[in-house]
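# Report on the structure
Here's the letter readout for the chains.
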Amino acid sequence: TQQYSIISNYFYIPVKYWYNPYRFLYPIKYTNGVSMTGFFYHSQKVLKNIWMEDLISKGEVTSPLIVSNKKVRYYTELISPIEVNCPESKYHNQIIAIKKGYKDAPKMIRIDSTGKEHFMRFFGSYTSSLVYDSDKRLYWSESVRHNAADLEDFSVIKYLDLTTGRVHRLSWKSKYFNPAPSADLKSVAVSEYLPSGECYLTYIDARSGKVIKRIEAPENGQIKENAFLNGRLYSTIVMEDGMAIYLQSGDSFTRITPLQHQSISRLRGYGEKLYFTSDLD
């Protein structure tokens, strides 16, 4: 009986007294025995304890390094930061990243040694993460919308030549996404989504964009992102029972993590490890 009473107070009183905004606070005090302010401070205390315990359990946290000195009032993201290590480039030792937010459409910016931001170019409606081939190119994919027919949407693989500062197109009207340049700089691995539903890991030539090889995703899965590590390619693949990281070997894939219902994104190989962003804990 008490359970139904609590629910009725939360829903019935605001509906009955919709013209009186103060009545919206009544169910909270009646049910919890505290005011709105008291309930707020109590929840702050409880959540602070939970977050502190979680933070301590993670061990020592890496110290952050602030590279941009521009302050913004609205929600803004700086993602895919790439530190350019190319002495031949005017961007040498600068950081190139994607900036987007409440007031910013997705755009490429660079941050110089003083922390000042410089606009470079805008992106399409969807843009993958930036990927550096550790030599002279930054790769990404972006979508091109067809307003009359969604099935006519296509993607473009582009790269920024760090020596000239020019953007080049590697593919056109394709279904390629999330490029990953190989260590030998001769090919680029992409996720290919066909209109018929099939999904492939496709290798294209880094100079001409021509297809070198296609490998079908296992068990009708969807290949998301790709990353090279020590000459081997790893991919995140969404299956019927969840997502996992797979290692491509020959014309097949070997699963190296359990299938799970957590997100795995921004997959990158660095040193001897794979890095990614996730809500996995």
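Placed above this text is the structure.
Here's what I pulled together on the structure shown here. (Residues numbered from 1 in each chain as written. Predicted model: local features only at pLDDT ≥ 70, side-chain atom pairs only at ≥ 80, totals over all residues. Heavy atoms only, no water.)

### Considering a nonpolar patch on the surface
Together, Val46, Leu47, Ile50 and Trp51 make up an exposed nonpolar region whose accessible area comes to about 390 Å². Along the chain, Ile50 turns up in helix 3 (residues 36–57). (Patch = residues over 30% accessible without salt bridge, like charges linked within 9 Å, V, L, I, M, F, W, Y side chains within 5 Å. Areas by Shrake-Rupley, 256 points an atom, 1.4 Å probe, with all protein chains shown as cover. Salt bridge = Lys/Arg side-chain N within 4 Å of Asp/Glu carboxyl O. Helix = DSSP H or I, 4+ residues; strand = E, 2+ residues; numbered from the N terminus.)

### Some thoughts on the packing of aromatic side chains
Under the criterion given, the structure shown has nine aromatic pairs. Seen from their ring centres, Phe123 and Trp140 are 5.6 Å apart, and the 85° between their planes marks the pair as edge-to-face. In this pair, Phe123 sits in the loop between strand 4 (117–122) and strand 5 (131–132) while Trp140 sits in strand 6 (residues 137–144), placing the two residues 17 residues apart along the sequence. Across the pair, exposure class does not vary: Phe123 and Trp140 are buried alike. One Lys or Arg, Arg137, reaches over the ring of Tyr159 and ends 3.8 Å from the middle of that ring. Over the face of the ring belonging to Trp172 we find Arg169, whose NZ or CZ atom lies 4.4 Å from the ring centre. (Phe/Tyr/Trp six-rings, centres within 6.5 Å; stacked < 30°, edge-to-face > 60°. Buried < 20%, exposed > 50% of the residue type's maximum accessible area, 1.4 Å probe, protein only. Lys NZ or Arg CZ within 6 Å of the ring centre and 35° of its normal.)

### Brief notes about the side chain of Lys107
Looking at the element boundaries, Lys107 is found in strand 3 (residues 107–111). The buried category is assigned to Lys107, whose relative accessible area is 16%. A distance of 3.1 Å separates a polar atom in the side chain of Lys107 from a polar atom in the side chain of Asp104. Ignoring anything within four residues of it in the chain, the contact list for Lys107 reads Ala97, Ile98, Lys99, Phe119, Arg121, Phe122 and Phe123. (Polar contact = N/O pair within 3.5 Å; in protein donor to acceptor, adjacent residues only side chain to side chain. Contact = heavy atoms within 4.5 Å.)

### Some words on the nonpolar core
Of all hydrophobic cores here, the largest spans 17 residues; its most connected members are Leu201, Tyr203, Ile223 and Phe253. Residue assignment for this core shows that the elements contributing at least two residues are strand 9 (176–181), strand 10 (187–193), strand 11 (199–205), strand 13 (222–229), strand 14 (232–239) and strand 15 (242–249). Among all residues touching Leu201, those that are not within four sequence positions of it are Ala189, Val190, Lys213, Arg214, Ile215, Ile223, Asn226, Leu233, Ser235, Gln248 and Phe253. Counting 15 residues, the second largest nonpolar core, distinct from the first, contains Ile82, Met108, Phe123 and Leu130. (Core = buried A, V, L, I, M, F, W, Y, C linked by side-chain atoms within 4.5 Å.)

### Observations concerning the layout of surface pockets
Space inside the largest pocket adds up to approximately 1,400 Å³. Residue lining of the largest pocket: 37 residues in total, with Pro81, Ile82, Arg268, Gly269 and Tyr270 positioned closest to the centre. In terms of residue count, the dominant contributor to the lining of the largest pocket is strand 1 (residues 76–83) (six residues). A per-class count over the lining of the largest pocket returns 22 nonpolar, 11 polar and four charged. In this model, the second largest pocket occupies a volume close to 270 Å³. Lining the second largest pocket we find 15 residues, and of these Ile79, Lys100, Tyr126, Thr127 and Ser128 sit closest to its centre. When grouped by side-chain class, the residues that make up the lining of the second largest pocket number four nonpolar, eight polar and three charged. (1 Å grid on protein atoms, 1.4 Å probe; cavity = no way out; pocket = protein on both sides within 12 Å on 5 of 7 lines; lining within 4 Å. Points joined across faces, edges and corners; volume = space filled by probe spheres on them. Nonpolar A, V, L, I, M, F, W, Y, C, P; charged D, E, K, R; others polar.)

### Overview of the sheet that holds strand 11
In space, the four strands of this open sheet follow the order 9-10-11-12, with antiparallel pairing throughout. Whereas interior strands pair on both sides, the edge strands pair on one side only; in this sheet they are strand 9 and strand 12 (211–216). Direction aside, the axes of adjacent strands within the sheet are offset by 25° on average. (Pairing = 2+ DSSP bridges. Axes fitted to C-alpha atoms, helices over the stretch in contact; angles between N-to-C directions.)

### Focus on the environment of Val211
Position of Val211 relative to the elements: it lies in strand 12. Of the residues examined, Val211 reaches a relative accessible area of 38% and is grouped as partly exposed. Between the alpha carbons of Val211 and Ala189 there is a distance of 9.9 Å; along the sequence they are 22 residues apart. Those residues in contact with Val211 that sit more than four places away from it in its chain are Tyr176, Thr202, Tyr203 and Ile204.

### Details of the pattern of salt bridges
Counted under the stated rule, the structure contains six salt bridges. Where Lys58 meets Asp54, a salt bridge forms, and the shortest distance between an N and an O atom there is 3.8 Å. Residue Asp54 is classed as partly exposed on the basis of its relative accessible area of 30%. For Asp104, the salt bridge goes to Lys107, with nearest N and O atoms at 3.1 Å.

### So, the sheet that holds strand 16 (residues 252–255)
Spatially, 13-14-15-16 is the arrangement adopted by the four strands of the open sheet, whose pairing is antiparallel. One side of each edge strand has no neighbouring strand; the edge strands of this open sheet are strand 13 and strand 16. Within the sheet, the average angular offset between the axes of one strand and its neighbour, ignoring direction, is 35°.

Purely spatial values, then, with no claim about function.
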